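Here is how the chains run, residue by residue.
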Amino acid sequence: MAKVTIQKLQEMKQNGEKISYVTAYDFGQATLVEKAGIEMILVGDSMSMTMLGNDSTVPLTTDQMVHHIKAVVKGAPSPMIVGDLVFGSYNEGPEQAIRSANRLLKEGGCDVVKLEGCMPETVRRMVEAGIGVQGHIGLTPQTAGLLGGFKLQGKNMDAARKIVEQAKALEEAGAFSLVVECVPEELGRAITEAVKIPVIGIGAGRYCDGQVLVYHDLLGMFDRFRPKFVKKYADIGDQIVKALQDYKQEVRDVKFPSDEYVFGGLSKDDIGKIY
Ligand code: KIV
């Protein structure tokens, strides 16, 4: 697959070709996403929970994000790599947002960045500074506390209208794409039709221009909680536990290492002469 660009995503929207997008946080995961031919990788701040065991995305630092982006970039040359701006690294205003994004782009090596919420002035200044920005509206996990928790957003007409307005404001500010999280399907459709830029849904129904899921969720590797919108495509977590249990049992029974995994070359008699 040729390197995925903003132009390519725009063409896909125009041609009605759906965009696939998934998170990845390290080299090994990125190589598998590359092999699968998925168009976009989000080095998401969800790593705070899936990789680092925190209870929320809030504690993640820009240093940690840069560290993980570097590994993902090495493993996946073709997909567009999106670096997630972490909580507290852009909410002071455009200068701070540009500084933080520059770190993800220059030190990490990602292609573009994503930020949560509707901050059109910040996005406008970032785009003017030459930074590709993906917006993220609807449920925004970094500020879920202010939205009543991890809950469906845009449930009534006023709330739905506000989210459509946010989408238009971010497009107007120069965002190249939007992630829309956890809204009714018809609102996902309305947002997708209201803007010309690609809209990627997560729990936003079938009519978005593409879908994004968290790597650990879709592969069955994270069982602390599972939102309704997550489809588990595999049970890799269970397979890993089974393999580790088999290994443990074989070590205990001295079945591993068997002949094929050991080095010959000296007899027991030869080696006995050393002592
Ligand atoms: O960090 C993340 O994984 C995300 C997705 C939920 C879109 O922002």
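Residues numbered from 1 in each chain as written. Predicted model: local features only at pLDDT ≥ 70, side-chain atom pairs only at ≥ 80, totals over all residues. Heavy atoms only, no water.

(A) Highlighting the domain arrangement of the protein. One can read the domain layout of the protein as domain 1 (6-235) and domain 2 (239-272). Put simply, the middle of domain 1 and the middle of domain 2, counted by C-alpha atoms, are 45 Å apart. (Domains from an automatic or database assignment.)

(B) Representation of the nonpolar core within the structure. Counting 53 residues, the largest nonpolar core has I41, V113 and M126 as the members making the most contacts within it. Among the elements that take part in this core, helix α7 (residues 157-173) stands out by supplying 6 residues, more than any other. Once residues lying within four places of it in the same chain are set aside, the contact partners of V113 are V82, G83, L85, A101, L104, L105, M126, I131, G132, V133 and Q134. With 15 residues, the next largest nonpolar core counts I19, V112, V179 and V212 among its residues. (Core = buried A, V, L, I, M, F, W, Y, C linked by side-chain atoms within 4.5 Å. Buried < 20%, exposed > 50% of the residue type's maximum accessible area, 1.4 Å probe, protein only. Helix = DSSP H or I, 4+ residues; strand = E, 2+ residues; numbered from the N terminus. Contact = heavy atoms within 4.5 Å.)

(C) Just the pairing of strand β5 (residues 133-138), in detail. In terms of burial, β5 is largely enclosed, as 6 of its 6 residues are buried. Where burial is concerned, the two faces of β5 agree: the one with V133, G135 and I137 and the one with Q134, H136 and G138 are both buried. Both strand β4 (residues 112-116) and β5 contribute to a ladder of 4 bridges, which runs parallel. Counterpart to L115 in the pairing with β5 is G135. With 5 bridges connecting them, β5 and strand β6 (residues 177-181) associate as parallel partners. What sits directly across from G138, in β6, is E181. The β-α-β motif built from β5, the intervening α7 and the parallel element β6 has right-handed crossover chirality. (Pairing = 2+ DSSP bridges. Right-handed = clockwise from strand over helix to strand, strands pointing away.)

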